[in-house]
Amino acid sequence: MKISFTLNGKKIRVDVPPDRRVLDLLREDLSLTGTKEGCGTGECGACTILVNGESRLSCLMLAAQLEGCHVTTIEGVSSAKKLHPVQEAFIEHGAVQCGFCTPGAVLAAIDLLQRNAEPTRQDIREALSGNLCRCTGYQKIVDAVQGGSAKLKKGQTS
Amino acid sequence: MYAGGTDLLVRLRKNPVNPFPLVCLGQIKELKGVRESPEGAFIGACSSHASLLSNPIIRYAFPVLAKGLQVLGSPPIRNMGTIGGNICTASPAGDTLPPLYVLDAVLEIRSQNAVRRIAIKDFIVGPGQQRLNKGEILAGIWLKNDPDFNIHHFEKVGQRNALAISVASLSALLKVSESGIIERVRLAWGSVAPTIVSPTNVEAALKGHFLSKDTLQKVMPLLREAISPIDDIRATAAYRRTVAGNILLRLLASFPYKEGYGT
């Protein structure tokens, strides 16, 4: 079946089998392998993408559900030369170890910061509670989201 | 037929269906949002949990439902999953179900030529089983605001806070007088039987008594008879039986309780 949607700012039209998951469409058909498959059952958050700005799990969506939607994957948050402030903050705060959860965590953080520009540490923990990380112990991820919040604020005022 | 897909896609991964005759209701605008009318509030079945959590009508008129929604799944699951899906999936552990039982939710079922209404307790008949006939969809949920209740309680016991399927949960609405007497009470337990348990004999036994530890302890035998928990991967039946009773005692924490009430 043919579906049309906006992917990382570009309108695209694809022909997919009706049982294609969004995750497989992105990774296998469109070679956007930044989106990871962890559990495949909606429990780990590694496959998080933004659909109309909201975090969703691409392992639990069929491609047809994207019809008419605006989709952002990790490949779409930075420009060619510059990382997104949240990505910079993840690097600066050492919030990345193996990196497998990072794309999902960054997108969940961007979703949070769009709704709540100055989240408390508790707000951050709740917003990222669907993104499992087996390496960092989460403290540095929370630090990084706070750092990202400060960077975004600074970017707006300067 | 599905809406959010958070349950269906997990099942399809285990047992692929071919051919694939699936209809997704998730983008039908008429099935989304909350509307107020003289009859009460109407919640579109395809409203996501997150959209209801941020809805002022739900937050202020139905706080017990908001409390259940707050601990359902994780943020992305709440962005995707819908209240109608939670009802039709009919899991005894569905987090919106105990709140909807104490609120006496009435479901609006639509088919091509007909509309019918059914109480949620009559709609859900077993784990994963409800009275939705071929050609019908759940269009929405009718709730009546009852400002009489002054305790709106929800507690879920799980293995962790986020992304946990409940081991046992309790929803309660109470009207407690200034002197501490329970004037009205509605209770519903999740995850302790094949369907939500809302035992009228336990409610009746509490009515007219002081809200105290003593009063709550006295209804424990009735409660233990009303529930029929199972052993599963998350907990044993014996543990559920104990917890179902213990979470009732937490009602005391929802009320400005003074030592000596009812003793």
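Just so it is clear, the model here is predicted, and its values are computed rather than measured.

Here we take up the interface of chain B and chain A. In this complex, chain B contributes 21 residues to the contact, which on the side of chain A involves 26 residues. Of the roughly 1900 Å² buried at the junction of chain B and chain A (both faces included), carbon and sulfur atoms supply 60%. Seen at the junction of chain B and chain A, the total is one salt bridge. Its salt-bridge partner being A:Glu37, residue B:Arg13 comes within 3.8 Å of it at the nearest N-O pair. Between the two partners, chain B and chain A, sit six residue pairs in polar contact (both at pLDDT 80 or more). Looking at the side of chain B that touches chain A, the elements that each hand over two or more residues are helix H1 (8–14) and helix H5 (75–80) of chain B. At five residues, H5(B) tops the list of elements feeding residues into the side of chain B that touches chain A. Considered class by class, the residues forming the side of chain B that touches chain A number 13 nonpolar, six polar and two charged.

So, on to unusual backbone geometry. Not every positive phi belongs to a glycine, and A:Ser31 is a case in point at roughly 55°. Relative to the helices and strands, A:Ser31 resides in the loop between helix H1 (22–29) and strand S3 (48–51). The phi dihedral of B:Ser191 falls on the positive side, at around 65°, and the residue is not glycine. With respect to the secondary-structure elements, B:Ser191 resides in the loop between strand S10 (182–190) and helix H9 (200–206). Residue class for B:Ser191 comes out buried when judged on its relative accessible area of 9%.

Moving on, we get to the domain arrangement of chain B. Residue and element names in this part refer to chain B. Split into domains, chain B comes out as domain 1 (8–143) and domain 2 (151–254). Placing the centre of domain 1 and that of domain 2 at their C-alpha centroids yields a distance of 23 Å. Each partner contributes residues to the interface: domain 1 has 23 residues there, and domain 2 has 23 residues. In total, domain 1 and domain 2 occlude about 1700 Å² of area from one another, counting both sides; carbon and sulfur atoms represent 67% of this. Ranking the residues of domain 1 by area buried against domain 2 places Pro92, Pro98 and Val102 at the top, with a combined share of 31%. Here domain 1 and domain 2 share two salt bridges between them. A salt bridge links Asp104 to Arg186; its shortest N-O distance comes to 3.0 Å. Linking domain 1 to domain 2 there are six residue pairs in polar contact (both at pLDDT 80 or more). Residue assignment for the side of domain 1 that touches domain 2 shows that the elements contributing at least two residues are helix H4 (63–70), helix H7 (97–102) and strand S5 (124–126). Per-element tally for the side of domain 1 that touches domain 2: the top contributor is H7, with five residues. The residue makeup of the side of domain 1 that touches domain 2, split by class, is 16 nonpolar, four polar and three charged.

Quick look at the domain arrangement of chain A now. All names here are of chain A. Considered domain by domain, chain A is made up of domain 1 (2–76) and domain 2 (85–157). Contacts between the two partners involve 17 residues from domain 1 and, on the opposite side, 13 residues from domain 2. Taken together, the two surfaces of domain 1 and domain 2 that pack against each other cover about 1100 Å², and 64% of this comes from carbon and sulfur. The tally of links from domain 1 across to domain 2 stands at zero salt bridges. Viewed at the interface, domain 2 and domain 1 are joined by five residue pairs in polar contact (both at pLDDT 80 or more). Contributing elements (two or more residues each) for the side of domain 1 that touches domain 2: S3 and strand S4 (54–57). Residue contributions to the side of domain 1 that touches domain 2 peak at three residues, all from S3.

As a further point, take the packing of aromatic side chains. All names here are of chain B. The tally for this structure, following the rule as stated, stands at one aromatic pair over all chains. A centroid spacing of 4.9 Å and a plane angle of 55° characterise the contact between Phe42 and Trp142, whose relative ring orientation is tilted. With Phe42 in strand S2 (residues 40–44) and Trp142 in strand S7 (residues 137–143), the pair connects residues that are 100 residues apart, well separated along the chain. Classification of Phe42 as buried rests on a relative accessible area of 7%.

All names here are of chain A. In this fold, Ala80 is placed in the loop between strand S5 (70–72) and helix H2 (85–92). When its relative accessible area of 89% is taken as the criterion, Ala80 is described as exposed. Note: C-alpha distance between Ala80 and Gly42 (38 residues apart in sequence) is 31 Å.

For the rest of this paragraph, the subject is the sheet that holds S7(B). Residue and element names in this part refer to chain B. The sheet built from five strands is open, its strands ordered S1-S2-S7-S3-S4 with antiparallel pairing. With one partner strand each, in any of the chains shown, strand S1 (34–37) and strand S4 (115–119) form the two edges of the open sheet. The mean angle between the axes of side-by-side strands here comes to 25°, regardless of whether they run parallel or antiparallel. Sheet topology note: the strand S3 (residues 106–110)/S7 ladder contains five bridges and is antiparallel. Residue pairing in the sheet places Leu107 in a bridge with Ile141 of S7.

Here is what the cut-offs are and how they apply
- Residues numbered from 1 in each chain as written.
- Chains lettered and ligands numbered in written order.
- Predicted model: local features only at pLDDT ≥ 70, side-chain atom pairs only at ≥ 80, totals over all residues.
- Heavy atoms only, no water.
- Contact = heavy atoms within 4.5 Å.
- Buried area = accessible area lost by both parts, 1.4 Å probe.
- Salt bridge = Lys/Arg side-chain N within 4 Å of Asp/Glu carboxyl O.
- Polar contact = N/O pair within 3.5 Å; in protein donor to acceptor, adjacent residues only side chain to side chain.
- Helix = DSSP H or I, 4+ residues; strand = E, 2+ residues; numbered from the N terminus.
- Nonpolar A, V, L, I, M, F, W, Y, C, P; charged D, E, K, R; others polar.
- Buried < 20%, exposed > 50% of the residue type's maximum accessible area, 1.4 Å probe, protein only.
- Domains from an automatic or database assignment.
- Phe/Tyr/Trp six-rings, centres within 6.5 Å; stacked < 30°, edge-to-face > 60°.
- Pairing = 2+ DSSP bridges.
- Axes fitted to C-alpha atoms, helices over the stretch in contact; angles between N-to-C directions.

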